[in-house]
Amino acid sequence: MKRTITVLVQNRSGVLNRITGLFARRQYNIDSITVGVTDNPTVSRMTFVVVADAMENIEQVMKQLHKQVDVLKVKDVTDEATVSRELALVKISATAEQRAEIGSLAETFRAQMIDVGRDSLTLQVTGHTDKVEAFIELIKTYGIQEIARTGVTAINRSVKSQTEASRLTLIH
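My aim in this report is to walk through the structure given alongside it, one point at a time.

1. Focus on the overall build of the protein chain
For the protein chain, the helix and strand inventory stands at 5 helices and 9 strands. Traced from its N-terminal end to its C-terminal end, the protein chain shows the element sequence β-α-β-β-α-β-β-α-β-β-α-β-β-α. Each of the three principal axes of the protein chain carries a C-alpha extent, and together these read 55 × 40 × 35 Å. Burial statistics for the protein chain: of 172 residues in total, 37% are counted as buried. The contacts of the protein chain with a sequence gap of at least 6 include a subset with a gap of at least 24, amounting to 70%. With the model as given, the accessible surface of the protein chain reaches about 10,300 Å², and the carbon-plus-sulfur share is 49%. The centroid of the 22 positive side-chain charges in the protein chain is displaced by 6 Å from the centroid of its 20 negative side-chain charges.

Written out as structure tokens, the structure reads:
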């Protein structure tokens, strides 16, 4: 099962290495990881998507994360109402004749052409991981030259009322 865990940490050198080392010692594969500074320059937010075979294993890792000196907050947001996004840059082979067709496909996914070469295009797509995967699958027919992906980043949704909170929980 895939779980999304967010961790607020002190923005210091070596913290990422210690945190990922904890996952490695437990033999968890990190499916994706994003790290960035928050509105407070002394705090960074890490978002991990990990694959675990049992919920007890995730709980164990979360307990270990809480024990880390530089960790401020740990949260498993998998079952919460969240907004999550991923960015992918995809460089594909493309002739001048194919560009209109590719542009139409990109428009369907709200992807953008961000670089055009003589024999290639680079497209940017953002969204939920399923959307990014679907876009990459469709664009493969043109010949992918290179892909760069950010990994998932997630944040809890804003909730206006208790009724809305219940409804959002049912959606996810």
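2. Examining helix H4 (residues 129–139)
Looking at H4, one finds that the buried residues are Val132, Phe135, Ile136 and Ile139. Along H4, the residues classed as buried sweep out an arc of 95° about the axis, all on the same side. Tucked inside the fold, the buried residues of H4 contact strand E5 (82–93), helix H3 (99–108), strand E7 (120–127) and strand E8 (144–149).

3. Side note on the pairing of E5
Burial along E5 is one-sided: the face carrying Thr82, Ser84, Glu86, Ala88, Val90 and Ile92 is buried and the face carrying Val83, Arg85, Leu87, Leu89, Lys91 and Ser93 is not. The pairing of E5 with E7 spans 8 bridges and is classified as antiparallel. If you follow Ile92 over to E7, its bridge partner there is Leu121. Two strands pair when backbone bridges link them, and E5 and E8 are joined in this way by 5 bridges, in the antiparallel orientation. Its bridge partner lying in E8, Leu89 is registered against Ala148.

4. Here's the deal with the environment of Phe109
Looking at the element boundaries, Phe109 is found in the loop between H3 and strand E6 (112–116). When its relative accessible area of 13% is taken as the criterion, Phe109 is described as buried. Sequence spacing of Phe109 and Thr38 is 71 residues, and the spatial spacing of their C-alpha atoms is 29 Å. Excluding anything up to four places from it in sequence, Phe109 contacts Val125, Lys131, Ala134, Phe135 and Leu138.

5. Some details on the layout of surface pockets
Estimates place the volume of the largest pocket at around 490 Å³. Every residue lining the largest pocket is counted, 22 residues in all, and those nearest its centre are Thr4, Ser84, His128, Thr129 and Val152. Of all the secondary-structure elements, those providing two or more residues to the lining of the largest pocket are strand E1 (2–10), strand E2 (29–37), E5 and H4. Among the elements that line the lining of the largest pocket, the one with the most residues is E5, at 5 residues. Grouping the amino acids of the lining of the largest pocket by side-chain chemistry returns 5 nonpolar, 9 polar and 8 charged.

The rules behind the values
Residues numbered from 1 in each chain as written. Predicted model: local features only at pLDDT ≥ 70, side-chain atom pairs only at ≥ 80, totals over all residues. Heavy atoms only, no water. Helix = DSSP H or I, 4+ residues; strand = E, 2+ residues; numbered from the N terminus. Buried < 20%, exposed > 50% of the residue type's maximum accessible area, 1.4 Å probe, protein only. Contact = heavy atoms within 4.5 Å. Areas by Shrake-Rupley, 256 points an atom, 1.4 Å probe, with all protein chains shown as cover. Lys, Arg positive; Asp, Glu negative; His and termini not counted. Charge placed at Lys NZ, Arg CZ, Asp CG, Glu CD. Arc of directions from axis to C-beta. Pairing = 2+ DSSP bridges. 1 Å grid on protein atoms, 1.4 Å probe; cavity = no way out; pocket = protein on both sides within 12 Å on 5 of 7 lines; lining within 4 Å. Points joined across faces, edges and corners; volume = space filled by probe spheres on them. Nonpolar A, V, L, I, M, F, W, Y, C, P; charged D, E, K, R; others polar.

Any functional reading would require information that these geometric values do not contain.
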